[in-house]
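# Close look at the chain arrangement
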Amino acid sequence: MATDLIPRVKGVRDFYPEDWALQKWLGDTCIGLGAGFGYQEYEGPILEHLDLYLGKTSEEIVGRQTFMLSGRDEKPLVLRPELTPTLARMVAAREDRLVFPLRWQSFGRFYRYERPQRGRGRSFFQWNIDLLGSDTLHADVEVVSIACELLRTLGLSPDQVTVRLNDRQGLESHLIGSLGLHAGQIRPLFAIVDRIDRMPFEKFSGGLAELGLGSDQIDGLVKALESKDPGFSPRLERVVRLLEMNDVSDYVEPDPKIVRGFDYYTGIVFEAWAKGSLRRALYGGGRYDNLTLQVGGRKPVPGVGFAVGDMAITELLKESELLESISTPVPDLLVSVFSEETAEDAAAYARLARSQGLAVEFGLKPGQRLDRQLKYADRKGIPFVTIIGPDEIRSKTVLLKNLATGEQTLLPSDNVCKLAEHIRKTR
């Protein structure tokens, strides 16, 4: 009796070989870029204590987007929704033994309970890159430069993506000094500003009024947010100038509306925004200077970094037709099996071919008609097939067939180097 197919969990993805080839390419590209700037790979656990995130990330993530688990004898656990708190915990645990500045990066899996949509799911991969131990603007510039270089490496132009940049601390000082706001209003105000592109103006101004802002203050805030002049922040002005020297300024645009939704950001913040039909933030990051203290560290460790989720950036790459060359790796060679009697010789030859660094698939159906084995190799895209029958065994040869051209070459079976040389030269 047939059973109904059990469906995939909502918001997660299956990675068939061709999908995983793309995923691995993206991860390798990101990690390779970071390594070029001196960033070392690290990884943290999938499970963390809920306490690690309370008061250290956005209320939306903790309250509505975190998958929570109940340990038998432990406090509530979560499937990690992001990596920065984990990074802060790891650094705080060894702060006296680590050599600063740290340049660390990771490409791993994360989980958020949110509404699945284009470019967003409940399980996703994310590249995290962080520079810890330096509070200089040169650290800010390096991280923003890497964020821009990622776009260039992926083939995305400034016409397709803009990196919107702001100084959260500078904006806060400006609003307090120029508009008469008090410090207690800034955190909830930034939470509203972070959603400004996703709400009508009436709802935006209504939220500000609920915080106690008068009409003149609301008008002043709107004027400040619409300005592209970074003059309210000398640090932001210098960062922009240094980004010009790093040849990435074509991607960069100052934008006071970028404040980021995470509570731990303290200075320069940025987001990469797609300009095509996707029209959403692709990734973002910024400076966080107090997070290690919040997770039990004994001394402040300044940090700056960003995170790139795989789903949105992949959607943009597909829309831009930049993924057509990514394909699943296939073996170099299929060693066919002529009969049960010749199977051991064929298996021995497959082992020898692998010793030369070739990817070799071995036929598993002794006695299957040769034309079917050739058709199988062709369907999988395997370019070469060896035929080892009784005649070849007696003459100590193998017959190599090029499926693209139909050319057949007789090679000595005891000199597998010639096989490898022929395949590499022909490919």
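Here we summarise the structure given alongside this text.

Scoring rules and cut-offs
- Counting of residues starts from 1 at the beginning of each chain's written sequence and follows it residue by residue.
- Restriction of local features to residues with pLDDT of at least 70 applies here, the model being predicted, together with a cutoff of 80 or more for giving and counting side-chain atom pairs; totals for whole chains, interfaces and linings are based on all residues.
- As a rule here, side-chain values cover all heavy atoms of the structure and leave hydrogens and water aside.
- Relative accessibility under 20% of the residue-type maximum defines a buried residue, over 50% an exposed one, and the middle range a partly exposed one, all with a 1.4 Å probe and only protein chains included.
- To qualify as a helix, a DSSP run of H or I must reach at least 4 residues; to qualify as a strand, a run of E must reach at least 2; elements of each kind are numbered from the N terminus.
- The rule for pairing is simple: two strands pair if DSSP sees at least two bridges between them.
- Stacked, tilted and edge-to-face are the three classes assigned to paired rings of Phe, Tyr and Trp, where Trp is represented by its six-membered ring and a pair needs centres within 6.5 Å; plane angles under 30 degrees give stacked, over 60 edge-to-face, the rest tilted.
- Excluding any residue in a salt bridge, patches collect residues exceeding 30% relative accessible area, merging like charges within 9 Å and nonpolar Val, Leu, Ile, Met, Phe, Trp and Tyr side chains within 5 Å.
- Per-residue accessibility takes into account occlusion by the displayed protein chains alone, with areas from the Shrake-Rupley method and a 1.4 Å probe.
- Salt-bridge detection follows one rule: a side-chain nitrogen of Lys or Arg within 4 Å of a carboxyl oxygen of Asp or Glu.
- Within this scheme the basic residues Lys and Arg register as positive and the acidic residues Asp and Glu register as negative, but His and the chain ends are omitted.
- The atoms used to mark charge sites are NZ of Lys, CZ of Arg, CG of Asp and CD of Glu.

### Looking at the pairing of strand β9 (residues 268-274)
By the criterion of burial, β9 is predominantly enclosed, with seven of the seven residues buried. By the alternation rule, side chains of β9 split into Ile268, Phe270, Ala272 and Ala274 and Val269, Glu271 and Trp273, which are all buried. Sheet topology places strand β7 (residues 161-167) next to β9; seven bridges connect them, and they run antiparallel. Considered in β9, the bridge of Leu165 is made with Phe270. Bridging between β9 and strand β10 (residues 281-288) involves five bridges; their strand directions are antiparallel. When the sheet's bridge partners are listed, Phe270 is paired in β10 with Gly285. Following β9, the chain reverses through six residues before pairing antiparallel with β10; Arg279 in that reversal takes a positive phi of roughly 40°.

### What to know about the packing of aromatic side chains
Summed over all chains, the structure comprises eleven aromatic pairs. Residues Phe67 and Tyr113 carry aromatic rings whose centres are separated by 5.3 Å and whose planes lie at 85° to one another, so their mutual orientation is edge-to-face. Here Phe67, found in the loop between α2 (59-64) and β3 (68-69), pairs with Tyr113, found in the loop between β5 (102-111) and β6 (123-132); they are 46 residues apart in sequence, far enough to count as distant. Phe67 sits in the partly exposed class, given a relative accessible area of 24%. Aromatic side chains Trp127 and Phe306 sit 5.5 Å apart centroid to centroid with 85° between the ring planes, which places their arrangement in the edge-to-face category.

### Structural notes on a negative patch on the surface
A cluster of acidic residues, Glu340, Glu341, Glu344 and Asp345, forms a negative patch on the protein surface. By the secondary structure assignment, Glu341 is in the loop between β12 (333-335) and α12 (343-354). Residue Glu341 is classed as exposed on the basis of its relative accessible area, which comes to 65%.

Everything listed is a geometric property; what it means functionally is a separate question.
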